Amino acid sequence: MQTSSHAVLAPFTSLRCGGEAELLVTTKSREDVIEILAKTPADQPLWLLGFGSNALISDEGLPGTTVVWRGGDIWQDGKQIVADGGIWWDDLVKYAIDHKLWGFELMSEIPSSVGGAVFGNIAAYGQQISDTLLWVEVFDRTSGETKRLDKGEIDFAYRESSLQTQRHLYILQAAFELSETPLHTLTYETALRVASELGEPTDTIQGLRHIIVETRRRAGSLYDPDDQNAEHTAGSFFKNPMVTTEQAMELARFDESGKTLERINQQNKVHGGSTRRASAAHVLLAAGFSRGQTWDKVRLHPDHVLKIQTLDGATAHEVHAVAQEIIATVKDKLDITITPEVRFLGKF
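Report on the accompanying structure. (Residues numbered from 1 in each chain as written. Predicted model: local features only at pLDDT ≥ 70, side-chain atom pairs only at ≥ 80, totals over all residues. Heavy atoms only, no water.)

1. Focus: the overall build of the chain
Turning to step 1, where the next piece is worked out: When helices and strands are counted, the chain shows nine helices and 19 strands.
Turning to step 2, where the next piece is worked out: Relative to the 2.2 N^0.38 estimate, which gives 20 Å for 348 residues, the radius of gyration of the chain is 20 Å and therefore close to what a compact globule would have.
Turning to step 3, where the next piece is worked out: Expressed along its principal axes, the backbone C-alpha trace of the chain runs to roughly 55 × 50 × 35 Å.
Turning to step 4, where the next piece is worked out: The proportion of buried residues among the 348 residues of the chain is 52%.
Turning to step 5, where the next piece is worked out: In the chain, 64% of the contacts between residues at least 6 apart in sequence involve partners at least 24 apart. (Helix = DSSP H or I, 4+ residues; strand = E, 2+ residues; numbered from the N terminus. Rg over C-alpha atoms; globule rule 2.2 N^0.38 Å. Buried < 20%, exposed > 50% of the residue type's maximum accessible area, 1.4 Å probe, protein only. Contact = heavy atoms within 4.5 Å.)

Encoded structure:
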C-alpha cells in the first residue's frame, strides 16, 4: 500500500485527464481496502477507483481519499469462482476459460475491474455479468461492516445495477456460478463473420474467446491499462437508448454495414435486450455528428463515432462540455435522450 498527497489522477484513467486526489492510496489488497474504508469516517469523501476505464475525473480533483485498487485473488470451488473486486476483468475471464467453465467468454477483453463490472452490469454479444452472479461482498460505510448481498438483493438492468444508487456500499468480492457446458449461442453477425474468416469454431470455449477478441480488436475496442501509448478514450461514451419503433426504423438508415432492418433489430436485441434499444452510434450520426469531429483538444474518434477521444492537453471539463453538447443536440434534433455510460467523478 502506497500513500501520497495531491497526486495527479489522470494517469490512472483511460481518458488521461482530470485533477488531483487530496489523498491517494494505491493497493493490490482487499484487506488494505477494508482497512482504509473502516478507518475513514463515513462523512468524509472516499472514492474507489479500479482501472479508470469508465471514469471522467473533474479537473478540480477529488476531495478526501481516493483508493486505486488493482489486484487481488481469484479462487475456485467446483463451478463457482470468487474474485476480489480489484482483479482486472479479463484475468477472471481467462481463469474461467482455463478451467473450462462457460459464462464469461463472450465478455472477453471488456476493460474493467471485477468490481466495476458488477457495478455497471457489463454485457457483450448477448451475455451479461448478472447471468452468472451469485453474490457480492460489500463494505457498508453506514454501518462500518462487510456484508454479503445475494444476487436477488440487487436489481440489474441494461448497463445498470442498484449498487449505482447505493453509494455507501463498496464492492469487495463477487462470486459466480459458471457451467461446464455452453450457456449462450453466438448470434451477433459481425462476430459470426469474423468466425467464418478465421475458421474458428463457435462451439468451443477457446474458439469463442478468439472470435470475440479479434472482433473487439477490429472494432478498436481492446485496451491495456499498462500501455502508455493506448488511445485516450473510455470506449463507448453513451448507452444505447430506448426509442420508439418508428425511431428505431429511421435510425437503421444510418447503419453503414449493409445490414437489413431485421438484422439491425436482432443486433439491438442482442446488445440491449430489445429491438427498440437503438445503437447510440446510429443516434449520433442521425443527429449530424461525424467521426473525427473535433472540438479543440477533444474529438469523436476517427473510426468510432461513439468514442470521445482526448488529445494531448485536453481537460476533463472540455470532455464534459462535448458530452453535454451531444446530449442536448440529440434531444433537440431527434427528441431522444441519451445518457453517458462513463461516470463523472467530482465537481463539473
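2. Describing the sheet that holds strand β18 (residues 307-310)
Turning to step 1, where the next piece is worked out: Taken in spatial order, the four strands line up as β15-β18-β17-β16 in an open sheet, and their pairing is antiparallel. Of all strands in the sheet, those bounded by a partner on one side alone are β15 (233-236) and β16 (294-295).
Turning to step 2, where the next piece is worked out: In the sheet, β15 pairs with β18 via two bridges, with the strands oriented antiparallel. Note on β18: the bridge partner recorded for Ser236 is Lys307.
Turning to step 3, where the next piece is worked out: Across the sheet, helix α9 (residues 316-334) is in contact with β16, β17 (298-300) and β18; its angle to β18 comes to roughly 155°. (Pairing = 2+ DSSP bridges. Axes fitted to C-alpha atoms, helices over the stretch in contact; angles between N-to-C directions.)

3. Looking at the nonpolar core
Turning to step 1, where the next piece is worked out: With 42 residues, the main nonpolar core has Trp89, Leu92, Phe104, Val118 and Phe176 as its most contacted residues.
Turning to step 2, where the next piece is worked out: Contributions of two or more residues to this core are made by β7 (80-84), α2 (89-98), α3 (114-120), β10 (133-140), β14 (169-177), α4 (189-198) and α5 (205-218).
Turning to step 3, where the next piece is worked out: At six residues, the largest contribution of residues to this core is made by α2.
Turning to step 4, where the next piece is worked out: In terms of nonpolar packing, the next biggest core, distinct from the first, is built from 34 residues, Ala234, Val243, Ala314 and Ile338 among them. (Core = buried A, V, L, I, M, F, W, Y, C linked by side-chain atoms within 4.5 Å.)

4. Points about α2
Turning to step 1, where the next piece is worked out: In terms of burial, α2 is a largely internal element, seven of the ten residues being buried.
Turning to step 2, where the next piece is worked out: The set of residues buried in α2 consists of Trp89, Asp90, Leu92, Val93, Tyr95, Ala96 and Ile97.
Turning to step 3, where the next piece is worked out: Structurally, α2 contributes buried residues whose contacts are with β6 (74-77), β7, α3, β14 and α5.
Turning to step 4, where the next piece is worked out: Directly beyond the C-terminal end of α2, a positive phi value near 55° is found at Lys100.

5. Some points on the packing of aromatic side chains
Turning to step 1, where the next piece is worked out: Across all of its chains, the model carries nine aromatic pairs by this definition.
Turning to step 2, where the next piece is worked out: Ring plane angle 70° and centroid distance 6.4 Å describe the contact between Trp89 and Phe176, whose orientation is recorded as edge-to-face. Of this pair, Trp89 sits in helix α2 while Phe176 sits in strand β14; the two residues are 87 residues apart in sequence, bridging distant segments of the chain. Grouping residues by exposure puts Trp89 and Phe176 together as buried.
Turning to step 3, where the next piece is worked out: Taken together through their ring pairs, the aromatic side chains of Phe237, Phe238, Phe344 and Phe348 make up a single cluster.
Turning to step 4, where the next piece is worked out: Here the basic side chain of Arg148 rests over the ring of Trp135, its NZ or CZ set 3.6 Å away from the ring centre. (Phe/Tyr/Trp six-rings, centres within 6.5 Å; stacked < 30°, edge-to-face > 60°. Lys NZ or Arg CZ within 6 Å of the ring centre and 35° of its normal.)

6. As for the packing of α4 against α5
The angle between the axes and the distance between the axes are what describe a pair of packed helices.
Turning to step 1, where the next piece is worked out: Put simply, α4 and α5 touch, their axes get as near as 9 Å, and they point 110° apart. In terms of axis orientation, α4 runs roughly perpendicular to α5. Here the hand of the crossing between α4 and α5 comes out right-handed. Contact with α4, carried on its side by Thr190, Ala191, Val194, Ala195, Glu197 and Leu198, involves His210, Ile211, Ile212, Glu214, Thr215 and Arg218 of α5 and no other residues of that element.
Turning to step 2, where the next piece is worked out: Residues belonging to the contact of α4 with α5 are distributed by class as follows: six nonpolar, three polar and three charged. (Parallel < 35°, antiparallel > 145°, perpendicular 65-115°, else oblique. Left-handed = near helix turned anticlockwise from the far one by under 90°. Nonpolar A, V, L, I, M, F, W, Y, C, P; charged D, E, K, R; others polar.)

7. Things to note about the packing of α2 against α5
Turning to step 1, where the next piece is worked out: The contact between α2 and α5 brings their axes to 10 Å, and the two run at 155°. Judged by the angle between their axes, α2 and α5 are roughly antiparallel. As for how α2 packs across α5, the hand of that crossing is left-handed. Of the residues in α5, those in contact with Asp90, Val93, Lys94, Ile97 and Asp98 of α2 are Ile205, Gln206 and Arg209.
Turning to step 2, where the next piece is worked out: When its residues are assigned to classes, the contact of α2 with α5 shows three nonpolar, one polar and four charged.

8. Describing the sheet that holds strand β3 (residues 46-49)
Turning to step 1, where the next piece is worked out: Sheet architecture is open: four strands sit in the order β1-β2-β5-β3, paired in mixed fashion. The open sheet terminates on both sides in strands that have one partner only, identified here as β1 (2-8) and β3. Each adjacent strand pair in this sheet contributes to an overall mean axis angle of 25°, direction not counted.

9. A look at the side chain of Thr40
Turning to step 1, where the next piece is worked out: Structurally, Thr40 is set in the loop between α1 (30-39) and β3.
Turning to step 2, where the next piece is worked out: A polar atom in the side chain of Thr40 sits 2.7 Å from the backbone oxygen of Ile36.
Turning to step 3, where the next piece is worked out: Not counting residues within four places of it along the chain, the set of residues in contact with Thr40 comprises Leu46 and Arg141. (Polar contact = N/O pair within 3.5 Å; in protein donor to acceptor, adjacent residues only side chain to side chain.)

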